[in-house]
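Coordinate analysis (summary)
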Amino acid sequence: MRNFEKPGRSVAIGRNGMAATSHPMATLAALEILKAGGAAIDAAVGACAVQCVVEAGSTGVGGDCFALLSTNGGADVVAFNGSGRTPAAADLSWYQRQGIRTIERFSPHAVTVPGAVDAWTRLVVDHGRMPMEVVLSQAISLAREGYGITPRVAADISHQEELLKRDPSCRRLFLVDGKAPRVGAVQYQPELAGTLEAIGREGRDAFYRGGIAEEMVSHLAAHGGLHTTEDFATAGGEYVKPISASYRGWDVHECPPNGQGIIALLILKVLERFAPAGNPLDPENLIVEVEATRLAYAARDRWLADASTSETPVDFLLSDELADELAAKIDRKAPVDAKTILGGVEHSDTVYISVVDKNRNAASFINSIFHPYGSGLMAPKSGVLFHNRGQSFVLEEGHPNAIGPRKRPMHTIIPGMVTKGGRTMMSFGVMGGHYQAMGHAQFLSKLIDYGLDIQSAIDLPRLFPLPGTATVEMEESLRQSAGDYFTARGFKVQPPNWAIGGAQAIWIDWEQGTLHGASDHRKDGCALGY
C-alpha cells in the first residue's frame, strides 16, 4: 500500500485501454487513438510520433526502433528489429586510411540509415487498424501549430546548447537567441510536419526514396558521409525471434542482438543465484546487482554485435554455465577486477512507450536517437534530426562490433515483456542508454522479489556502475544510505551526471480485469487508462 503522506504517484488504473509514456501529450495521443478504435501498435506509433515533435531530444524519425508485441493477451511474443545499417561503403579499412580512430558524435559517420519510419509503417500495416495518416495526425498538428516546452525537455535542451548551436537548423528550431528556451515556451517544427504528412500519405517510400531521402543523403554527404540514395532505398527492418529467460518462474522476453536485451537476461540469471536480503535497497542486494551488471556488461562488450553479420554466442550468453561462472566471481567484500571489464560510451536518451488495448493486445515500443539530440545534424528541408548510434561501433579489426558495410551497431535500446501461464502479464521498458539492461533487471527484481507494485518499483532510487570502472553512480538518497558501504569495499561513489534512466510499465490484472499503468518521475510523462 502506498504511503499517501509521502510524495509520489499512484498506479494508474483502467479497464479498456492504457498508455504509459514519458510525455503527457504522447500519453494523451495514445489514449485518443485507443478510444477511436485503434490497436495498441497504432497508439504506440502515434505516441512516438508526438514525442518526435515535443521531446525531440529523446527520439525522432531520424532514429531507430525496436518493438515487442503480443496478441489478445497471449504469451506468443513477436519482435521487430527496426535498427538501421551503415552505408555500403562503410568499410573498416576506409576509416583506417582516413586516420579515423574513433567515431565522433557530431559526425556523419555516427549516422546509420534511420530505421524508425520503416518499423512504424510495417508494424501499423501488419498489426494495426488505422491508416498511417490518422496515426500521425496529432504529431503533425503539434509540429505545425506549436507545443509548449515541459520541464524535462527544457532541462535537456539546456544541457545541449553547445551541440545545438553548431547546426543552423537545430539552432533555429530549438534555441532562442542561442539559448535554451524556458519552460512553457512554444516551439514549432514545420519542416518535420511536412515530412510526417508525406509519410502518412505515401508510407515508408516517402522517407526512403524520392526528395526527402535525396535531401538527407545530400546533407550527410556535405559533412563527409558515405551514405547514398541506394543505402536508403534498400533499408529495412525485420521480424526476429525473441529471446527469453525465466526469473523465479516469470518468463522475460527481449529482442535478440544487436540489442542488449540479452544482457538484461544474463543479469537476471546471475541475480537468481542469490537469495534476496532484507529490503529492496539493502546494500547487500545492491552490491550483487552492481557486480552482476559489471560482469554482464563485460560479456556484452566482448561479444555483442549484429547477429546477422557477426558471430554472437546467444546460447552461451543465456547458459546456466555462464551465469554460474559469473555468480561465483561475486564477492561482496571487494569489486571484481575492473581490468577485465571493457568500457563503453555513457548514458543516452530514448523514449519508451507501453500500450495495452481493450483486446489486451500489448505493444512494448522503444525509439531512440541515442544521445540527447543525437548527432546534432539536421536535414534543413525535411527537419530530420539524425541519431548518433554509429558511435557504438568500435574501429578495431576482428572485433564483432567493428564497423562494416551495411552493419547494425550494438544497440542499447530494449523493450521488455513478461509472460506467465500462457498470458502476457506486463509490457515494460527502461530508458537510459547503457543503463537499460541493468534497469530491466533491477525493476523486475524489485517487482518479483519484493512484491512491489509497478509504480513503487519505478520510483525507487537507482544506481549504475559505469562500464569498465569501479565507479558507481548513485542517486542522492542511495548515496546517503549505501554510499559508505560501497566506498568501504573499494568502489568510488559519485552523483549521476543526469537522472538515471526513465521507465514505463503496464501490468495486466487478469483476475480483476483491469490494467495498471506506471510512469517515471524522472521524465515529464504519465500513465493514463480509461
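Residues numbered from 1 in each chain as written. Predicted model: local features only at pLDDT ≥ 70, side-chain atom pairs only at ≥ 80, totals over all residues. Heavy atoms only, no water.

Moving on to the packing of aromatic side chains. Evaluation of the coordinates by the stated rule reveals eleven aromatic pairs. Pairing W94 with Y95 gives two aromatic rings, centres 5.0 Å apart and planes at 85 degrees, and the pair type is edge-to-face. Taking 5.7 Å as the distance between ring centres and 90 degrees as the angle between the ring planes, the aromatic pair formed by Y435 and F464 counts as edge-to-face. Of this pair, Y435 sits in helix α18 (residues 435–450) while F464 sits in strand β16 (residues 463–465), placing them 29 residues apart in sequence. We note K420 situated over the ring of W250; from NZ or CZ to the ring centre the distance is 4.1 Å. Note that R489 overlies the ring of Y485, its terminal NZ or CZ placed 3.6 Å from the centroid. (Phe/Tyr/Trp six-rings, centres within 6.5 Å; stacked < 30°, edge-to-face > 60°. Helix = DSSP H or I, 4+ residues; strand = E, 2+ residues; numbered from the N terminus. Lys NZ or Arg CZ within 6 Å of the ring centre and 35° of its normal.)

Inspection of the entire model under this criterion finds 24 salt bridges. Here D205 ties to R209 by a salt bridge, and the two come within 3.8 Å at their closest N and O atoms. Accessibility expressed as a relative area gives 38% for D205, which makes it partly exposed. The class for R209 is partly exposed, based on a relative accessible area of 44%. In this structure, the salt-bridge partner of R406 is D231, at a minimum N-O distance of 3.8 Å. In this pair, R406 is assigned in the loop between β13 (384–385) and β14 (415–420) and D231 in helix α13 (residues 229–233), connecting sequence segments 175 residues apart. Using a relative accessible area of 37% as the deciding quantity, one classes R406 as partly exposed. Overall, the relative accessible area of 6% leaves D231 in the buried class. Through salt bridges that share partners, R85, E238, D306 and R408 make up one connected network. (Salt bridge = Lys/Arg side-chain N within 4 Å of Asp/Glu carboxyl O. Buried < 20%, exposed > 50% of the residue type's maximum accessible area, 1.4 Å probe, protein only.)

Moving on to unusual backbone geometry. Phi angles above zero are rare outside glycine, and D177 is one such case at about 55 degrees. One non-glycine residue, R406, adopts positive backbone phi at about 45 degrees.

As a further point, take the sheet that holds β16. To summarise the sheet geometry, strands pair through backbone hydrogen bonds and adopt either a parallel or an antiparallel arrangement. Spatial strand order, β16-β17-β18: three strands in an open sheet with mixed pairing. Either end of the sheet is taken by a strand with one partner, and the two such strands are β16 and β18 (492–494). Going across the sheet, the axis of each strand differs from the next one's by a mean of 25 degrees, ignoring polarity. Across the sheet, helix α15 (residues 283–303) touches β16 and β17 (471–474), and the angle it forms with β16 is around 40 degrees. In the packing of helix α20 (residues 476–488) onto the sheet, contacts are made with β16, β17 and β18, and the angle to β17 comes to roughly 155 degrees. (Pairing = 2+ DSSP bridges. Axes fitted to C-alpha atoms, helices over the stretch in contact; angles between N-to-C directions. Contact = heavy atoms within 4.5 Å.)

This part is about the pairing of β14. It is a general feature of regular strands that their side chains alternate between the two faces of the sheet. Most of β14 sits out of view: five of its six residues are buried. Bridge count between strand β9 (residues 250–254) and β14: four bridges; the pairing is antiparallel. Bridge pairing in β14 links E254 to G416. Here six bridges tie β14 to strand β15 (residues 423–431), and the two strands are oriented antiparallel to one another. By the bridge assignment, K420 is partnered in β15 with R423. Turn length for the β14-β15 hairpin, with the two strands adjacent in sequence and antiparallel, is two residues, and the turn residue G421 shows positive phi of about 60 degrees.

The next subject is the packing of helix α6 (residues 137–145) against helix α10 (residues 190–202). At a minimum axis distance of 7 Å, the contact between α6 and α10 shows a crossing angle of 155 degrees. With respect to α10, the element α6 is oriented roughly antiparallel. Considering the relative orientation of α6 and α10, their crossing is left-handed. Where α6 approaches α10, its residues A139, I140, A143 and R144 are matched on the opposing element by P190, A193, G194, L196 and E197. Taken together, the residues of the contact of α6 with α10 sort by class into six nonpolar, one polar and two charged. (Parallel < 35°, antiparallel > 145°, perpendicular 65-115°, else oblique. Left-handed = near helix turned anticlockwise from the far one by under 90°. Nonpolar A, V, L, I, M, F, W, Y, C, P; charged D, E, K, R; others polar.)

All right, on to the nonpolar core then. Ranked by internal contacts, the top residues of the largest apolar core, which has 79 residues, are V53, W120, F174, F207, F365 and Y373. Per-element accounting of this core gives the leading share, twelve residues, to helix α2 (residues 40–54). Membership of the second largest hydrophobic core comes to 63 residues, among which are L266, L295, V418 and I454. (Core = buried A, V, L, I, M, F, W, Y, C linked by side-chain atoms within 4.5 Å.)

Confidence along the chain averages 95 in pLDDT terms, with 98% of residues attaining 70 or more. Segment residues 342–347: pLDDT under 50, and 20 contacts once partners within four positions in sequence are set aside and those in other chains are kept. (pLDDT = per-residue confidence, 0-100.)

Overall, antiparallel pairing links the seven strands, which are arranged β1-β20-β19-β15-β14-β9-β8 in an open sheet. Edge positions in the sheet fall to β1 (12–14) and β8 (243–247), since each of these pairs with one other strand and no more. Looking at each pair of strands side by side, their axes are set apart by 20 degrees on average, direction ignored. Across the face of the sheet, helix α14 (residues 261–271) comes into contact with β8 and β9 while running at roughly 20 degrees to β8. Relative to the sheet, α18 contacts β8, β9, β14, β15 and β19 (502–509), its axis offset from that of β15 by approximately 135 degrees.

Take the packing of helix α1 (residues 24–35) against α2 next. Two elements in contact, α1 and α2, have axes separated by 8 Å at closest approach and are oriented at 150 degrees. Classed by the angle they form, the pair α1 and α2 counts as roughly antiparallel. The handedness of the crossing between α1 and α2 comes out as right-handed. Residues M25, A26, A29, A30, I33 and L34 of α1 pack against A40, D42, A43, G46, A47, V50, Q51 and V54 of α2. By residue class, the composition of the contact of α1 with α2 is eleven nonpolar, two polar and one charged.

Below, the discussion takes up the environment of E325. Mapped onto the secondary structure, E325 falls in helix α17 (residues 320–329). Given a relative accessible area of 43%, E325 falls into the partly exposed group. Between the C-alpha atom of E325 and that of V270, which follows or precedes it by 55 residues, the distance is 9.0 Å.

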